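# Overview (structure and organization)
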Amino acid sequence: SAERSELSFIAGINLPMGNRVYSKKSDATEDIGSFAGGVVFSHGFSDKLLWDIDIQGQTLLRNAGANHHSDLFINTDMGYFPKEHIQLICGMGYYGFFYKNASESISMIDFHPGISYETGENFLIVLSTSIGLYGKNENQWYGINLAFTMTIR
């Protein structure tokens, strides 16, 4: 089939929530909301081979008093369908949390392989891992992701 490309813009607001008391005067970044925005580019080389990349930036909604001022996230993934409904996924990511004092900034490059299964047109299950490979002021880590996605039409 023919190649195709798509471009999307994304934005959102992250608000502190949960079962605890929040102070509006707190300087802790986990107590302050943030605004995020970015762009997503997808390219289908064929019906079986797909590529996505997203770049997102995030900034706090108010000054934290600390020197943390912005974040950057970059992710890219390749997906390959060896059989109908089954997709093998291989991706890389980067995140950076930037501080006015650059020596305190945090960054990590990660690797995230996985697999997805489409049970039908409107339901998708994704199982993947996240492996922190190399970072600055950040510990290496390993995680497992499980997502269930349903399209409502």
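See the structure shown above.
Keep in mind that what you see is a predicted model, and the values were worked out from it rather than measured. (Residues numbered from 1 in each chain as written. Predicted model: local features only at pLDDT ≥ 70, side-chain atom pairs only at ≥ 80, totals over all residues. Heavy atoms only, no water.)

## Regarding the overall build of the protein
A count of helical and extended segments in the protein gives zero helices and nine strands. Moving toward the C terminus, one meets the helices and strands of the protein in the order β-β-β-β-β-β-β-β-β. Once the C-alpha set of the protein is aligned to its principal axes, its extents read approximately 55 × 35 × 30 Å. Out of the 153 residues in the protein, the part that is buried amounts to 25%. For the protein, contacts bridging at least 24 residues in sequence account for 48% of all contacts bridging at least 6. Of the accessible surface of the protein, which amounts to about 10,200 Å², a share of 61% is contributed by carbon and sulfur atoms. Each charge sign in the protein was given a centre, from 10 positive and 16 negative side chains, and these centres are 8 Å apart. (Helix = DSSP H or I, 4+ residues; strand = E, 2+ residues; numbered from the N terminus. Buried < 20%, exposed > 50% of the residue type's maximum accessible area, 1.4 Å probe, protein only. Contact = heavy atoms within 4.5 Å. Areas by Shrake-Rupley, 256 points an atom, 1.4 Å probe, with all protein chains shown as cover. Lys, Arg positive; Asp, Glu negative; His and termini not counted. Charge placed at Lys NZ, Arg CZ, Asp CG, Glu CD.)

## Brief notes about the packing of aromatic side chains
This structure, assessed with the given rule, holds four aromatic pairs. On the numbers, 6.1 Å between centres and 70° between planes, the contact of Phe 73 with Phe 97 is edge-to-face. Residue Phe 73 is found in strand S4 (residues 68–83), and its partner Phe 97 is found in strand S5 (residues 86–99); the two are separated by 24 residues along the sequence. Members of the aromatic cluster, connected to one another through ring pairs, are Phe 73, Tyr 95 and Phe 97. (Phe/Tyr/Trp six-rings, centres within 6.5 Å; stacked < 30°, edge-to-face > 60°.)

## Topic: the layout of surface pockets
As a volume, the largest pocket reaches approximately 900 Å³. Along the walls of the largest pocket sit 31 residues, with Leu 50, Asp 52, Gln 87, Ile 89 and Ser 116 positioned nearest its centre. Listed by contribution, the elements that provide at least two residues to the lining of the largest pocket are strand S1 (4–14), strand S2 (34–44), strand S3 (49–60), S4, S5, strand S7 (114–120), strand S8 (123–136) and strand S9 (142–150). With five residues, the top contributor of residues to the lining of the largest pocket is S4. (1 Å grid on protein atoms, 1.4 Å probe; cavity = no way out; pocket = protein on both sides within 12 Å on 5 of 7 lines; lining within 4 Å. Points joined across faces, edges and corners; volume = space filled by probe spheres on them.)

## A look at the environment of Val 39
Looking at where Val 39 falls in the secondary structure, it is placed in strand S2. Taking the C-alpha atoms as reference points, Val 39 and Gly 91, separated by 52 residues in sequence, lie 17 Å from one another. For Val 39, the residues in contact, after removing those within four places along its chain, are Leu 7, Ser 8, Phe 9, Ile 10, Ile 53, Asp 54 and Ile 55.

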